[in-house]
Amino acid sequence: MSAKAPAVAAIVLAAGGSQRLGEPKQLLELDGVPLVDVAAGAVCERGFTEVVVVLGRDAEQVRAALSRRDGLRVVVNEQWESGQSTSLRAGLEALDESVDGAAVFLGDQPYVPPEAIDAVLAAFGTGKIAVVRPRYRGVPGHPVVASRSAWAALMGVHGDRGAGALLDASPASVHEIELDLDPPRDIDTWDDYRALSGGL
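For the structure given in this document, a descriptive report is provided here. Here the structure is a predicted model, which is why all the values come from computation and not from measurement.

Rules used in this analysis
Every chain is numbered on its own, with residues counted from 1 as its sequence reads. Owing to the predicted nature of the model, reporting of local features is limited to residues with pLDDT of at least 70; listing and counting of side-chain atom pairs is limited to 80 or more, with chain, interface and lining totals taken over all residues. Hydrogens and waters are ignored; side-chain quantities use all the structure's heavy atoms. Put simply, DSSP marks the helices as runs of H or I at least four residues long and the strands as runs of E at least two long, and each gets a number from the N terminus on. Only protein chains enter the accessibility calculation, which uses a 1.4 Å probe; a residue is then buried when its area is under 20% of its type maximum, exposed when over 50%, and partly exposed in between. Using only the protein atoms, space was sampled on a 1 Å grid; points where a 1.4 Å probe fits but cannot get out form cavities, open sets with protein on both sides within 12 Å along at least five of seven lines form pockets, and lining residues are those with an atom within 4 Å of a point. Grid points are joined across faces, edges and corners, and a volume is the space filled by probe spheres set on the points. Amino acids outside the nonpolar list (Ala, Val, Leu, Ile, Met, Phe, Trp, Tyr, Cys, Pro) and the charged list (Asp, Glu, Lys, Arg) are all regarded as polar, and Gly is one of them. What makes a nonpolar core is a set of buried Ala, Val, Leu, Ile, Met, Phe, Trp, Tyr and Cys residues whose side-chain atoms join them at distances within 4.5 Å. A contact between two residues is defined here by any heavy atoms of the two lying within 4.5 Å. Aromatic contacts are taken between Phe, Tyr and Trp rings whose centres are within 6.5 Å, Trp giving its six-membered ring; a plane angle under 30 degrees counts as stacked, one over 60 as edge-to-face, and the others as tilted. For two strands to pair, DSSP has to find at least two bridges joining them. For a crossover, the right-handed case is the one in which the path from the first strand over the helix to the second runs clockwise, viewed with the strands pointing away from the viewer.

Attention shifts here to the environment of Val174. Mapped onto the elements, Val174 comes out in strand E10 (residues 174-179). We classify Val174 as buried; its relative accessible area is 14%. C-alpha separation for the pair Val174 and Val144, spaced 30 residues apart in sequence, amounts to 9.7 Å.

In structure tokens form, the structure reads like this:
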């Protein structure tokens, strides 16, 4: 009898202040759809047990831009100004007790390759790995999938750092998957946005 596949939830970190853009990047449109909704929708399509979107600045505006989807919940991080670590903590604390692992996505990376998500979930699904991280042609990226046993360490990260800071400090605990794919692009600047929106 095969072992039961672990229940994995997804956390989409979308609480940032968009300092370099000067306006909420979560509301920028890609093909007429707000960035935050593009990112959340792509994650919801991959069959996670639940999806938690963590909001911060302009939370009500960004919440209104999200489509209603089964299994999607919104959490507001009131401490978002203290950095990404607080949003990661808020997301982990919001997950159901039945969840075995959490996949962490960045809300400003709307186009994570589906095959990358499937690859890290397949590796995590063996039940023998605490943390899985993809490498896109050698570049570490997201989604990072962490078992519940690793959450306490992730919650101990402080400041404007996410899971990557802890994983870089403890490489022995991380299983990395090499992918022959370009890394998903962040939207941090107007040039980034124009590149992803076809130059509009």
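This paragraph deals with the layout of surface pockets. Volume-wise, the second largest pocket comes out at about 170 Å³. Looking at the lining of the second largest pocket, the elements with two or more residues in it are helix H2 (59-64) and strand E5 (72-76). Residues that form the lining of the second largest pocket fall into these classes: four nonpolar, one polar and three charged.

Of note, the amide linkage connecting His142 to Pro143 takes the cis form, showing an omega dihedral of 10 degrees. With respect to the helices and strands, the residue Pro143 is situated in the loop between strand E8 (139-140) and strand E9 (144-147). Even without being glycine, Asp31 reaches a positive phi, approximately 55 degrees. Take Asp31: it is sitting in the loop between strand E2 (29-30) and strand E3 (33-34).

Grouped together as the largest cluster of nonpolar side chains are 32 residues, with contacts concentrated most on Phe48, Val53, Phe105 and Val132. Elements with a minimum of two residues in this core: strand E1 (8-14), helix H1 (35-44), strand E4 (51-55), H2, strand E6 (101-106), helix H4 (114-124), strand E7 (131-136) and E10. Counting residues per element, this core draws most heavily on H4, at six residues. Setting aside its immediate chain neighbours within four residues, Val132 contacts Val120, Ala123, Phe124, Pro143, Val144, Val145, His175 and Ile177. Ranked by size, the runner-up nonpolar core spans 22 residues in total, among them Val54, Ala102, Ala146 and Leu154.

Taken as a whole and judged by the stated rule, the model has two aromatic pairs. Ring geometry for Phe48 versus Phe105: centroids 5.8 Å apart, planes at 85 degrees, classification edge-to-face. Of this pair, Phe48 sits in the loop between H1 and E4 while Phe105 sits in strand E6; the two residues are 57 residues apart in sequence, bridging distant segments of the chain. Each of the two residues, Phe48 as well as Phe105, counts as buried. Arranged with centres 5.9 Å apart and planes meeting at 75 degrees, the rings of Trp190 and Tyr193 form a pair that is edge-to-face. Here Trp190 and its partner Tyr193 are both found in helix H7 (residues 190-196), three residues apart, which amounts to about one turn of the helix. We classify Trp190 as partly exposed; its relative accessible area is 31%. Here Tyr193 falls in the buried class, since its relative accessible area comes to 14%.

So, on to the pairing of E5. In this sheet, E5 lies alongside E4 in parallel orientation, the contact comprising five bridges. The residue bridging Val54 from the neighbouring strand is Val75, located in E5. In the classification by handedness, the crossover that spans E4, the intervening H2 and the parallel E5 is right-handed.

With that settled, the discussion passes to empty space enclosed by the protein. Tallied over the full model, the rule gives one cavity of 30 Å³ or more. Approximately 40 Å³ is the volume attributed to the largest cavity. Together, Ala39, Ala42, Val43, Phe105, Leu106, Gln109, Pro110, Val112 and Ile117 line the largest cavity. Elements represented by at least two residues in the lining of the largest cavity include exactly H1 and E6.

With that settled, the discussion passes to the pairing of E1. Of all seven residues making up E1, seven are buried, and the element is well covered by its neighbours. The alternating pattern of E1 places Val8, Ala10, Val12 and Ala14 and Ala9, Ile11 and Leu13 on opposite faces, both of which are buried. When E1 meets E6, the two strands line up parallel, connected through six bridges. Bridge pairing links Leu13 to Leu106 in E6. Relative to E4, E1 runs parallel, the two being bridged by five bridges. Residue pairing for E4: Ile11 is matched across the bridge by Val52.

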